Amino acid sequence: MNKIISTYIGLTDYKETWDLQKELFNLKCENKIPDILLLNEHENVYTVGKSGNGNHLLAEENELRKVGAKVYYNDRGGDITYHGPGQIVGYPILDLNHYHLDIHKYLRDIEEILILTLKDLGVEGTRNDGYTGVWVAGDKIAAIGVKVSRWITMHGFAFNVNTDLSYFDRIIPCGIFNKGVTSLKEILGCGIEIEKVNKIIIKNFEKIFGVIAEHIDAEKFFNIINEKSQKEDKCLQEKI
C-alpha cells in the first residue's frame, strides 16, 4: 500500500503556495519526495485557469484593491474561481503511475472524496453532468481544476466550508452562468472547524486512493522540503 504525506499549512498567499507546488512537483519528478496531499486556506484571491475567460471577472481593479483580493492567471484546467479564508484548498502532488494513468478517473476520484466527506457531515453531495466539481441541491460547493504533466499532478480542489460567499458575486464562477455556489456553513447554519473537515478529507483520500497518510505539522513538512531542496542545490553546485 502506498504511503503519502498530508499536511495543513494554514492561511497562505496564493503565489507563494503556487511556487511551493512547483517546487514539490520538481522534487516529485526526481523521486525525492513521497506523494503529498497539501491542505491550506488562501488569502482572498481569484484564479483563472488556462481555459478561462478574463471577462468572467466582474469586478474592477479598484474594487479588488478595496476588498484585498489579488488575481492570478495560472496553468490549471478550468475557468475562474475564488479562494479565501474558510475554504479548504487541497493540492495533491501525486505520481499517477502509482494509481491509474487516467486523468478523467483522477477527477472523478477527487469528486468522490468530497462527496464522501459531505456524507460524513450529513450532507448529500452529487455530481452534475457536464461539469466538474461537487454540488449540493444544485449549487456548487467544491471546484476542481488540475494540471498533470509527466503523470505528476498539481493544483486540485477548493471546498467551501466557512467561505464568505459574497466574494463569488464578483465573478461568474467556473464560467457557469446559471448555477449558484454554497458552503457547509450555509447548509448547516453554523460554522465548522477546518481541522475537523481536514481529517475527514484525509480519511476519504486514503479510502479512495488506497493509501496510508502520515499527517505531519507544517513546520516538520517545511523542514523536510527545505532539506530535500538544499540537497538538490548542493548536487547542482557540485556538477558545476
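Use the structure listed above.
Heads up: these notes are all about the structure in this document. Not measured: the values here are computed from a predicted model.

Some points on the nonpolar core
Core analysis: the biggest nonpolar cluster contains 36 residues, and Ile88, Phe157, Phe159, Leu184, Val197 and Phe209 have the highest contact counts within it. Looking at this core, the elements with two or more residues in it are strand E2 (35-42), helix H3 (103-120), strand E8 (131-136), strand E9 (139-149), strand E10 (152-160), helix H5 (194-209) and strand E12 (211-215). Look past the residues within four positions of Phe159 in its chain and what remains in contact with it is Gly86, Gln87, Ile88, Leu114, Thr117, Leu118, Ile141, Ala142, Leu184, Val197 and Ile201. Membership of the second largest hydrophobic core comes to 22 residues, among which are Tyr91, Ile93, Met154 and Phe221.

Section: unusual backbone geometry
Peptide bonds are, in most cases, trans, and in most cases residues other than glycine have a negative phi. One non-glycine residue, Asn31, adopts positive backbone phi at about 60 degrees. Within the element layout of this structure, Asn31 appears in the loop between helix H1 (14-29) and E2.

What about a nonpolar patch on the surface?
A cluster of nonpolar side chains, contributed by Leu101, Ile103 and Trp151, occupies part of the molecular surface with about 250 Å² of accessible area. Among the structural elements, Trp151 can be located in the loop between E9 and E10.

A short note on the pairing of E2
Among the eight residues of E2, eight are classified as buried, and the element is accordingly described as predominantly covered. Going residue by residue along E2, you find Asp35, Leu37, Leu39 and Glu41 tucked away on one face and Ile36, Leu38, Asn40 and His42 tucked away on the opposite face as well. Where E2 meets strand E6 (residues 87-93), five bridges bridge the pair, whose relative direction is antiparallel. Residue Leu39 lies in a different strand from E6, and its bridge partner there is Gly90.

Observations regarding the packing of H3 against H5
The geometry of H3 relative to H5 is characterised by a closest axis approach of 9 Å and an angle of 135 degrees between their N-to-C directions. What the angle tells us is that H3 and H5 run oblique. Remark: the crossing between H3 and H5 carries right-handed chirality. Where H3 abuts H5, its residues Tyr106, Asp109, Ile110, Glu112, Ile113, Leu116, Thr117 and Asp120 lie against Val197, Ile200, Ile201, Lys203, Asn204, Phe205, Lys207, Ile208 and Phe209. Classifying every residue of the contact of H3 with H5 by side-chain character gives 10 nonpolar, two polar and five charged.

Reading guide: rules and limits
Residues numbered from 1 in each chain as written. Predicted model: local features only at pLDDT ≥ 70, side-chain atom pairs only at ≥ 80, totals over all residues. Heavy atoms only, no water. Core = buried A, V, L, I, M, F, W, Y, C linked by side-chain atoms within 4.5 Å. Buried < 20%, exposed > 50% of the residue type's maximum accessible area, 1.4 Å probe, protein only. Helix = DSSP H or I, 4+ residues; strand = E, 2+ residues; numbered from the N terminus. Contact = heavy atoms within 4.5 Å. Patch = residues over 30% accessible without salt bridge, like charges linked within 9 Å, V, L, I, M, F, W, Y side chains within 5 Å. Areas by Shrake-Rupley, 256 points an atom, 1.4 Å probe, with all protein chains shown as cover. Salt bridge = Lys/Arg side-chain N within 4 Å of Asp/Glu carboxyl O. Pairing = 2+ DSSP bridges. Axes fitted to C-alpha atoms, helices over the stretch in contact; angles between N-to-C directions. Parallel < 35°, antiparallel > 145°, perpendicular 65-115°, else oblique. Left-handed = near helix turned anticlockwise from the far one by under 90°. Nonpolar A, V, L, I, M, F, W, Y, C, P; charged D, E, K, R; others polar.

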